[in-house]
Amino acid sequence: MNLASGQLMGGAGGGEEKTAVFPSVEWFEKLAEVMLENEASYRRFGPLDCTLVAVVDDQFFEVTFLGYGVESVRHLYALSDAAPSHFILQGPLAAWREMLENIRANAGPDLEHTLGSLTFRDEPLRIDGPDQLEIDAFYRYHESLQRFFNDTAEIDTTY
Amino acid sequence: MARHTTIVDTGLDRLREMARGNFSLAWMDSNPSGWGHTSVPGPVGLRLVDVETGHYAKIPERASGRAGLAPRGSYLPETITSPGFYDLNDRSLLWSDNAAGLYDEAVTRQWNSVTDIPWDLLQELPADLEKALCQMCTGLAGIEMVADDVTARWMSRIDRDFHEVKLFLATQVMDEARHTDVFRKRALANGGGLLMDSPCQQQLLSAVIQAPDYTTAGALMHILCEGFSLTLFHAGEFLAPTEVEKTIFRLCMQDEGRHLAYAVRHLEWFLRHHPERAEEIHSILDVGEQAMFQLTLEPQTIEPRAILGGGGLHDIQLGISRLAFLYARQVRDYLRRLKIAGLDREPRISIPVELPLKSLGI
């Protein structure tokens, strides 16, 4: 098995296609369900222990990963409500939408729409956090996080 | 028949006693304070951090020395004497609280360059891009092997009372070996090959090799060199012409993130115990930064990156301008990591925090 970003789609899956509006707690919870269904593919990368705060325009969603799944999803009213240890993936809705639509269309991101490509120049998406070591969690768990967003291909997302 | 040695005679005497039903069994009750220990696997399995509790989590500030080659927490018979093999035995000089957790993370996030890279997606590239990639891989293969050797050298000197650190460093040795291997493999796999070695890189690596102690070596190798590498790998994914390189950079990036997490927390620990030694760290970073800056602007380093950044030799100047962002980010993240460790390097940094491209008309 190789770990190319676009080649691991379609795990155990099964069942009816999930639909949800992005961004919303429900959307992230659906994605967590897909992660659970595809758990075997995440085991190849190793467990996670980190918290992602997704910032979409002025909305905040906290996703806490533990092991091979999502422990919790919360809508935050302010960034200050986030768990102390977290990193932030932020950008305008248009940038998120472009990434998700690209993943959905190609069953995985093309070369220009991986997390690494989209964040390196701090635009259209940006990685941030309370300190550099928290930000470094984005790098340490990168394969799993990319896989997590690849799983969005299995969600019929509306905006 | 040759006469037996005393050792053989003693062993045979013991065997005779056992044949008569006389067993010692002293080992069975030798370690009452360490007996009855249980560990409960968590959701991801049984981690090192799950077993190192109670009696077994007693980490000495200074290794006993007498323990010699014994595992920490075992009973030491009176006859045990230390062979004096380890000379890094002061916890303040090597510890980091996150070492055990990072070890668990490392062993569960291993990958290999044989089957985890989508080599089947290699494709013929324009000559300038292939040469740029191969030159970049030449430099990276060179630096990673030294990271391997230096880590292994220091690891072998650490007393085994601090096995969390030794185990983590062992994973790092494997990581660096894999990086050496994967960059070499990429250079040799697609019609290119290794290109030019770098005198400036040799200079930087010499400083790492000659660092006088574990912590200064770590500050130089991990926080400076690997910090810059991590950002380069993030950029590498942005620059990569195919899925093959993208996957390589992404996987290497994960490994570098762990190495930095240990190095930053170790430096923080060290400076908390030895604040008077901050100047030693500053001094080695003075040397390292100069070498790093020289390396960054050396033709065999900056030009291939610029060709990849610009999309080809014809747009190498555009590539240079794009690299300005990479450099600024490398320096910014490096300073931030040092600050977390308790070293305010910003007033002291000896290289520009940005490349002055605008003033040069680029």
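All values reported here derive from a predicted model rather than from experimental measurement.

Details of the interface of chain A and chain B
How big an interface is tends to be reported as the loss of accessible area on association of its parts. Taken together, the contact pairs 33 residues of chain A with 43 residues of chain B. With both sides pooled, the region where chain A packs onto chain B buries about 3,500 Å², and carbon together with sulfur makes up 54% of that total. By the criterion of area lost to chain B, the three top residues of chain A are A:Phe120, A:Tyr139 and A:Arg140, representing 24% of everything that side buries. Where chain A touches chain B, the interface holds 6 salt bridges.

A look at helix α10 (residues 299–310) of chain B
Since the α-helix packs 3.6 residues into each turn, any two residues three or four apart lie on the same face. All names here are of chain B. Relative to the 16 Å expected for 12 residues at 1.5 Å per residue, α10 spans 15 Å between its end C-alpha atoms, a close match to the ideal helical length. Counting buried positions along α10 gives 10 out of 12 residues, so the element sits mostly inside the fold. Along α10, the positions that sit buried rather than exposed are Gln 300, Thr 301, Ile 302, Pro 304, Arg 305, Ala 306, Ile 307, Leu 308, Gly 309 and Gly 310. Its buried side turned inward, α10 meets α4 (127–155), α6 (199–209), α7 (214–239), α9 (278–297) and α11 (316–341). In the segment just after α10, Gly 311 is the residue with positive phi, at about 90°.

Section: the confidence of the model for chain B
For chain B, per-residue confidence averages 94 on the pLDDT scale, and 99% of positions sit at 70 or higher. On the interface metric, ipTM, the complex scores 0.89, and its pTM is 0.93.

Brief notes about α4(B)
A rise of 1.5 Å per residue sets the reference length of α4(B), with its 29 residues, at 42 Å; its end C-alpha atoms lie 42 Å apart and thus fit the reference within 8%. Here α4(B) lies mainly inside the structure; 21 of its 29 residues are buried.

Regarding the layout of surface pockets
Here the largest pocket defines a volume of roughly 710 Å³. As for the largest pocket, its lining consists of 33 residues, and the residues nearest its centre are A:Asp49, A:Arg140, A:Tyr141, B:Gly101 and B:Glu105. Elements that contribute at least two residues to the lining of the largest pocket include exactly β2 (48–56), β3 (59–67) and α5 (132–140) of chain A together with α3 (99–108) and α8 (243–273) of chain B. By residue number, the principal contributor to the lining of the largest pocket is α3(B), which donates 6 residues. In the lining of the largest pocket, the residues fall into 16 nonpolar, 10 polar and 7 charged. Its volume calculated, the second largest pocket comes out at about 350 Å³. Considering the residues around the second largest pocket, the lining is formed by 18 residues, among which A:Leu111, A:Glu112, B:Phe238, B:Leu239 and B:Ala240 are closest to the centre.

Overview of the nonpolar core
In this structure, B:Phe183 and B:Leu285 are the most contacted members of the largest nonpolar core, which totals 137 residues. A total of 15 residues in this core trace back to one element, the largest contributor, which is α8(B). Residues contacting B:Phe183, with those up to four places away along its chain left out, are B:Cys137, B:Leu140, B:Ala141, B:Glu144, B:Phe233, B:Ile248, B:Phe249 and B:Cys252. A:Val55, A:Leu76, A:Ala82 and A:Ile88 belong to the second-largest nonpolar core, a separate cluster that totals 6 residues.

Quick look at the pairing of strand β5 (residues 87–91) of chain A
Residue and element names in this part refer to chain A. Most of β5 sits out of view: 4 of its 5 residues are buried. Relative to β5, β2 runs parallel, the two sharing 5 bridges. Along β5, the bridge assignment pairs Val 56 with Gly 91. In terms of strand pairing, β5 meets strand β6 (residues 126–128) through 3 bridges, oriented antiparallel. From the neighbouring strand, Gln 90 faces β6, where its bridge partner is Arg 126.

As for the pairing of β2(A)
Residues and elements named next belong to chain A. Of all 9 residues that make up β2, 8 are buried, and the element is covered over most of its length. Bridge analysis of β2 against β3 gives 9 bridges, and the strand direction is antiparallel. Note that in β3 the partner of Ala 54 across the bridge is Phe 61.

Thoughts on the packing of α5(A) against α11(B)
Two numbers describe how α5(A) lies on α11(B): the axes approach to 9 Å, and their chain directions differ by 125°. As far as their axial angle goes, α11(B) and α5(A) are oblique. The residues of α11(B) that touch α5(A), namely those facing A:Gln132, A:Leu133, A:Ile135, A:Asp136 and A:Tyr139, are B:Arg329, B:Asp333, B:Arg336, B:Arg337 and B:Ile340. Of the residues in the contact of α5(A) with α11(B), the class split is 4 nonpolar, 1 polar and 5 charged.

Procedures and definitions
- Residues numbered from 1 in each chain as written.
- Chains lettered and ligands numbered in written order.
- Predicted model: local features only at pLDDT ≥ 70, side-chain atom pairs only at ≥ 80, totals over all residues.
- Heavy atoms only, no water.
- Contact = heavy atoms within 4.5 Å.
- Buried area = accessible area lost by both parts, 1.4 Å probe.
- Salt bridge = Lys/Arg side-chain N within 4 Å of Asp/Glu carboxyl O.
- Helix = DSSP H or I, 4+ residues; strand = E, 2+ residues; numbered from the N terminus.
- Expected span 1.5 Å × (residues − 1).
- Buried < 20%, exposed > 50% of the residue type's maximum accessible area, 1.4 Å probe, protein only.
- pLDDT = per-residue confidence, 0-100.
- 1 Å grid on protein atoms, 1.4 Å probe; cavity = no way out; pocket = protein on both sides within 12 Å on 5 of 7 lines; lining within 4 Å.
- Points joined across faces, edges and corners; volume = space filled by probe spheres on them.
- Nonpolar A, V, L, I, M, F, W, Y, C, P; charged D, E, K, R; others polar.
- Core = buried A, V, L, I, M, F, W, Y, C linked by side-chain atoms within 4.5 Å.
- Pairing = 2+ DSSP bridges.
- Axes fitted to C-alpha atoms, helices over the stretch in contact; angles between N-to-C directions.
- Parallel < 35°, antiparallel > 145°, perpendicular 65-115°, else oblique.

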